[in-house]
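Structural characterization, general
Below, each chain spelled out in residue letters.
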Amino acid sequence: MTGQVQAGVAVVDVTPPPGLAMSGFAARTAPASGVHDPLTVRAVAVGDTAIVVADVIGLHEDSCRRIRERAGLPGGHLVVAATHTHGGPVAMPGRLGPGLDEAYLERLEQACVQAVGAALAARRPARLGFGLGADPGIARNRRHAGGPVDPALPMLRIRDAEGAVIAVVASHALHPVVLGADNTRFTADYPGAVRRRIEAAHPGAVALFLTGCTGDINMGHSAQASISTAPRPDRSFAEAERIGARIADAALQAPDRPLGDHIAAGCTELHLALARTEMEAPAALAMEWRRQAAAADPAWAALLRIWIEWAETKAPLPLAPWPARVTVLDWGGLRIIALPGEIFAQTALDLRRSLDGDPLRGPTMTIGFADGCPGYVPPAAEYPHGGYEVEEAHRYYGMPAAMAPGSAERLAAAALDLARSLTSSQ
């Protein structure tokens, strides 16, 4: 069979019980009241490489390291990612909300290892096909009206020797925040709807959704709009299903062009500097935020309490560089670039333009929230504009400071070097 590889896929359920703390919205202080749709860990293995993605808001770099070590693949051959759903449990120690359940974290890490092992064990002769779906037309830049978005919708189909689809990997850059802070039921948000729709079209197949570089991209509301627990009709389970169906339908219409059988992987590690954005001393900030919290509505007061704790515990810490990991997989000519944290759309567009000449035509998939999630990593041009992603988000993330300007460019340069080295080695 032309372009034959060994490929397998696996799914492990990691739906938590009600009562655990949820992550993603500082305004949401209530624990989970129930489950709307399952949370899963999904892995796909191609050759001696694999991707595992969990339905949580992010995974700490220490968790990712433990998963890689226990999975037993060669160094740089495993990407550990998160869908970034804001409808899951707290999954990172000290980041994006209090109330981490250590037993659940151990269960989640073990599920990732189990899924990778099962996908490797399930490998069988297969061929890869790739295509780009049409822009679903949903994504909006939440920082700038008419600002850049990444409309790419890459679609990888994996077929067995008889031609049946055994796995599908789709990716798109859209923040999984259809459900807002009023939701207290566990949900995979729209990525779950994407997967269900694709699996319905390919009975017996397993769908994975890899969230793209979507740090500044959602359906159009500002980050500040989520500091509220008031229900909104445009942030409902019905809307998540509608958006997921629209993305899935566009992905399913993507061409299915054969890929080759060459499989390669590479990774690099670098340290990203942090930089303070606050001008006042932490003690003075804490005092001012206490004053504001006393007169604020409950949602804003909840956010301010997190900022107060940050000022008292995290802001005084020394600014040690953050260890970043960049991985590039080459699956038969499809490059999958995995970056940590919340990467902005412009970085992905620039990367693919450098590699493919056109960011919307080449066989390159760029994903974020991989191998660690320390917060937002804006392009240098975004820093003068300030705003939540640049000046404030590190407090909820539990980081002593924001990523320094130039961090996104360093990650992109490392990714370019890796991708080019893999291409030249063929």
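Cut-offs and rules
Residues numbered from 1 in each chain as written. Predicted model: local features only at pLDDT ≥ 70, side-chain atom pairs only at ≥ 80, totals over all residues. Heavy atoms only, no water. Core = buried A, V, L, I, M, F, W, Y, C linked by side-chain atoms within 4.5 Å. Buried < 20%, exposed > 50% of the residue type's maximum accessible area, 1.4 Å probe, protein only. Helix = DSSP H or I, 4+ residues; strand = E, 2+ residues; numbered from the N terminus. 1 Å grid on protein atoms, 1.4 Å probe; cavity = no way out; pocket = protein on both sides within 12 Å on 5 of 7 lines; lining within 4 Å. Points joined across faces, edges and corners; volume = space filled by probe spheres on them. Nonpolar A, V, L, I, M, F, W, Y, C, P; charged D, E, K, R; others polar. Pairing = 2+ DSSP bridges. Axes fitted to C-alpha atoms, helices over the stretch in contact; angles between N-to-C directions. Contact = heavy atoms within 4.5 Å. Parallel < 35°, antiparallel > 145°, perpendicular 65-115°, else oblique. Left-handed = near helix turned anticlockwise from the far one by under 90°. Phe/Tyr/Trp six-rings, centres within 6.5 Å; stacked < 30°, edge-to-face > 60°. Lys NZ or Arg CZ within 6 Å of the ring centre and 35° of its normal. Polar contact = N/O pair within 3.5 Å; in protein donor to acceptor, adjacent residues only side chain to side chain.

Under an unreviewed UniProt entry, the name given to the protein is Alkaline ceramidase, and the organism recorded is Inquilinus ginsengisoli.

Moving on, we get to the nonpolar core. Nonpolar side chains in soluble globular proteins tend to end up buried together. Residues Trp289, Val326, Leu339, Met403 and Leu411 are the most contacted members of the largest nonpolar core, which totals 61 residues. Per-element accounting of this core gives the leading share, nine residues, to helix H9 (residues 407-424).

The computed volume of the largest pocket comes to approximately 450 Å³. If you trace the largest pocket, you find 26 residues lining it, with Leu96, Gly97, Pro98, Ile306 and Glu309 closest to the centre. Ranked by residues supplied to the lining of the largest pocket, first place goes to helix H6 (residues 298-313) with six residues. A class-by-class count of the residues in the lining of the largest pocket yields 14 nonpolar, six polar and six charged. In this model, the second largest pocket occupies a volume close to 320 Å³. Lining of the second largest pocket is provided by 27 residues; of these, Gly24, Phe25, Ala223, Ser226 and Tyr388 occupy positions nearest its centre.

This brings us to the pairing of strand E1 (residues 4-13). The pairing of E1 with strand E6 (residues 124-133) spans four bridges and is classified as antiparallel. The residue bridging glutamine 4 from the neighbouring strand is arginine 127, located in E6. As defined by bridge partners, E1 adjoins strand E3 (residues 40-46) across seven bridges and the pair is classed as antiparallel. Bridge pairing in E3 links alanine 10 to alanine 43.

What follows deals with the sheet that holds strand E16 (residues 322-331). Taking strand neighbours across the sheet as the criterion, the four strands line up as E14-E16-E17-E19 in an open arrangement whose pairing is mixed. Taken across any chain shown, the strands that pair with only one partner, and hence form the sheet edges, are strand E14 (263-272) and strand E19 (364-367). Within this sheet the neighbouring strands show an average axis-to-axis angle of 15 degrees, counted without direction. For E14 and E16, the ladder comprises 10 bridges, and the chain directions are antiparallel. Looking across to E16, one finds that leucine 272 is bridged to tryptophan 322. Here helix H7 (residues 345-356) sits on the sheet in contact with strand E17 (334-338) and E19, set at roughly 155 degrees to E19.

Closest axis-to-axis distance for the helix H5 (residues 282-295)/H6 pair is 9 Å, and the angle between their directions is 160 degrees. In terms of orientation, H5 and H6 fall into the roughly antiparallel class. Crossing hand, H5 versus H6: left-handed. The residues of H6 that touch H5, namely those facing Pro282, Leu285, Ala286, Trp289, Arg290, Gln292 and Ala293, are Ala301, Leu304, Trp307, Ile308, Trp310, Ala311 and Glu312. Each residue belonging to the contact of H5 with H6 can be placed in one class, and the counts come to 11 nonpolar, one polar and two charged.

To continue, consider the packing of aromatic side chains. A full pass over the atoms with the stated rule returns five aromatic pairs. When the centroid spacing of 5.8 Å and the interplanar angle of 80 degrees are considered together, the rings of tyrosine 376 and tyrosine 388 count as edge-to-face. Here tyrosine 376 is found in strand E20 (residues 376-377), whereas its partner tyrosine 388 is found in helix H8 (residues 388-396), with 12 residues between them in sequence. No difference in accessibility class separates tyrosine 376 from tyrosine 388, as the two residues are buried. The rings of Trp289, Trp307 and Trp310 are connected pair by pair, giving a single aromatic cluster. Lying over the aromatic face of tryptophan 310, arginine 395 brings its terminal NZ or CZ to 5.6 Å of the ring centre.

For the coordinates displayed, the defined rule picks out three cavities of 30 Å³ or more. Of the volumes computed, that of the largest cavity is approximately 80 Å³. In terms of lining, the largest cavity is formed by 14 residues, of which the most central are Tyr376, His394, Ala401, Ala402 and Met403. Of all the secondary structure elements, the ones that give two or more residues to the lining of the largest cavity are H8 and strand E21 (402-403). When residues in the lining of the largest cavity are grouped by element, the largest group, four residues, is from H8.

The residue serine 171 is located in strand E9 (residues 165-172) in this model. Here leucine 210 takes part through its backbone oxygen, which lies 2.6 Å from a polar atom of the side chain of serine 171. Sequence-distant contacts of serine 171, that is, excluding residues within four places in its chain, are made with Ala152, Leu153, Pro154, Phe209, Leu210, Thr211, Gly212, Met365, Thr366 and Ile367.

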